[in-house]
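One-letter residues, chain by chain:
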Amino acid sequence: ISYYIQQLVVTKVPLHSIKDFMESGILSEDTYSGQTETIDTVKEVRFNNVSFSYNVNDKPLFERISLSAHKKGLYLIQGESGCGKSTLMNLLLHYDEPRAGSIVINDIHVKNIANVTKLITVFRQEAVFFDDSLRENIRAYQNIDDNTVIELLKKLKLNRFAAKAALDDTVFKNGASFSGGE
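This section reports on the structure supplied with the text. Note that the structure is a prediction, hence the values are computed from the model and not measured. (Residues numbered from 1 in each chain as written. Predicted model: local features only at pLDDT ≥ 70, side-chain atom pairs only at ≥ 80, totals over all residues. Heavy atoms only, no water.)

## What to know about the packing of aromatic side chains
Given two aromatic rings, one states the distance between the centres and the angle between the planes to describe the pair.
Inference 1: By the definition in use, this model includes 2 aromatic pairs.
Inference 2: Ring plane angle 85° and centroid distance 4.8 Å describe the contact between F52 and Y54, whose orientation is recorded as edge-to-face.
Inference 3: Residue classification places F52 among the buried residues on the basis of a relative accessible area of 2%.
Inference 4: What links up through ring pairs into an aromatic cluster is the set F52, Y54 and F62. (Phe/Tyr/Trp six-rings, centres within 6.5 Å; stacked < 30°, edge-to-face > 60°. Buried < 20%, exposed > 50% of the residue type's maximum accessible area, 1.4 Å probe, protein only.)

## Quick word on the pairing of strand β3 (residues 100-105)
Inference 1: Sheet analysis places strand β1 (residues 44-52) next to β3, joined by 5 bridges and oriented antiparallel. In the sheet register, V45 faces β3, and the bridge partner there is I105.
Inference 2: Inspection of the sheet shows β3 paired to strand β4 (residues 108-109) by 2 bridges, in the antiparallel sense. Looking across to β4, one finds that V104 is bridged to H109. (Pairing = 2+ DSSP bridges. Helix = DSSP H or I, 4+ residues; strand = E, 2+ residues; numbered from the N terminus.)

## Brief notes about the pairing of β1
Inference 1: Strand direction decides the pairing type here: β1 and strand β2 (residues 62-70), joined by 6 bridges, are antiparallel. Of the residues in β2, the one forming a bridge with R46 is S68.

## Remarks on the environment of S51
Inference 1: Structurally, S51 can be placed in strand β1.
Inference 2: For the pair S51 and L88, spaced 37 residues apart in sequence, the C-alpha to C-alpha distance is 10.0 Å.
Inference 3: Setting aside residues no more than four positions away along its own chain, S51 makes contact with F62, E63, R64, P98, R99 and A100.
Inference 4: Polar side-chain contacts of S51 include one of 3.0 Å to the backbone nitrogen of R64. (Contact = heavy atoms within 4.5 Å. Polar contact = N/O pair within 3.5 Å; in protein donor to acceptor, adjacent residues only side chain to side chain.)

## Structural notes on helix α5 (residues 146-155)
Inference 1: For α5, every residue scored as buried is listed here: D146, V149, I150 and L153. Projection of α5 onto a plane perpendicular to its axis shows the buried side chains occupying an angular sector of 100°, all on one side.
Inference 2: As for α5, its buried residues are in contact with α4 (134-139) and α6 (164-168).
Inference 3: Where α5 begins, one side-chain oxygen reaches toward the backbone nitrogen of N147, 3.1 Å away; that side chain belongs to D145.
Inference 4: Immediately downstream of α5, the backbone of K157 shows phi near 60°, a positive value. (Arc of directions from axis to C-beta.)

## Side note on a nonpolar patch on the surface
Inference 1: Side chains of L74, L152 and L156 sit close together on the surface and give an oily, nonpolar patch of about 320 Å² of accessible area.
Inference 2: Looking at where L74 falls in the secondary structure, it is placed in the loop between β2 and α2 (85-92).
Inference 3: For L74, a relative accessible area of 71% gives the class exposed. (Patch = residues over 30% accessible without salt bridge, like charges linked within 9 Å, V, L, I, M, F, W, Y side chains within 5 Å. Areas by Shrake-Rupley, 256 points an atom, 1.4 Å probe, with all protein chains shown as cover. Salt bridge = Lys/Arg side-chain N within 4 Å of Asp/Glu carboxyl O.)

## As for the sheet that holds β2
Backbone-to-backbone hydrogen bonds pair the strands of a sheet. The strands run either parallel or antiparallel.
Inference 1: As summarised here, the arrangement of the 4 strands in space is β2-β1-β3-β4, forming an open sheet in which the pairing is antiparallel. Two strands bound the open sheet, and with one partner strand each, they are β2 and β4.
Inference 2: Relative to the sheet, α2 contacts β1, β2 and β3, its axis offset from that of β1 by approximately 115°. (Axes fitted to C-alpha atoms, helices over the stretch in contact; angles between N-to-C directions.)

## A word on the pattern of salt bridges
Between side chains of opposite charge, a pair can form as their charged atoms come close.
Inference 1: Applying the stated criterion to the full structure yields 6 salt bridges.
Inference 2: In this structure, D146 engages R135 in a salt bridge whose closest nitrogen and oxygen atoms are separated by 2.6 Å. Of this pair, D146 sits in helix α5 while R135 sits in helix α4; the two residues are 11 residues apart in sequence, bridging distant segments of the chain. You'll find D146 and R135 in the same group, each marked buried.

## Regarding the environment of K155
Inference 1: With respect to the secondary-structure elements, K155 resides in helix α5.
Inference 2: Classification of K155 as exposed rests on a relative accessible area of 62%.
Inference 3: As for K155 and L74, which are separated by 81 residues in sequence, their C-alpha atoms are 9.4 Å apart.

Okay, here's the thing in structure tokens:
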């Protein structure tokens, strides 16, 4: 019983966040009326002189960030807590608007891409695992073949999981057998 109580307590904060988001009106018809483009594959992501602050009068969290990421690359964004790493991902997914600059995927502004959240998957620092196979926890229920998953695990130096047998293993208790980095 204590395990299930702990699970309920852990979900309280995300559930309140979801409820607040849904009640905010952000998901109105007008919000997505400009999103007309659909993209099949991400070839390039570009941040062009992007600046952001949470409130108009606040000091910017970051200013004039420019970067380019290509499909075949492996990229790391690191920095101190609170420097804007998660905010960059929120801007990429068009959860927030930059105060200046633009963010484009394949030369199309993210605010015009109807399927941006289907193209980009962000696993947040708060690890959440499903009581399902390791395969489904990695694929996030998307149609990705085992060989692609295995190659990715090898690139990430997670060789002990880079086998079909390991992908079949069930993840229990919110991934308690995995380290934070894994």
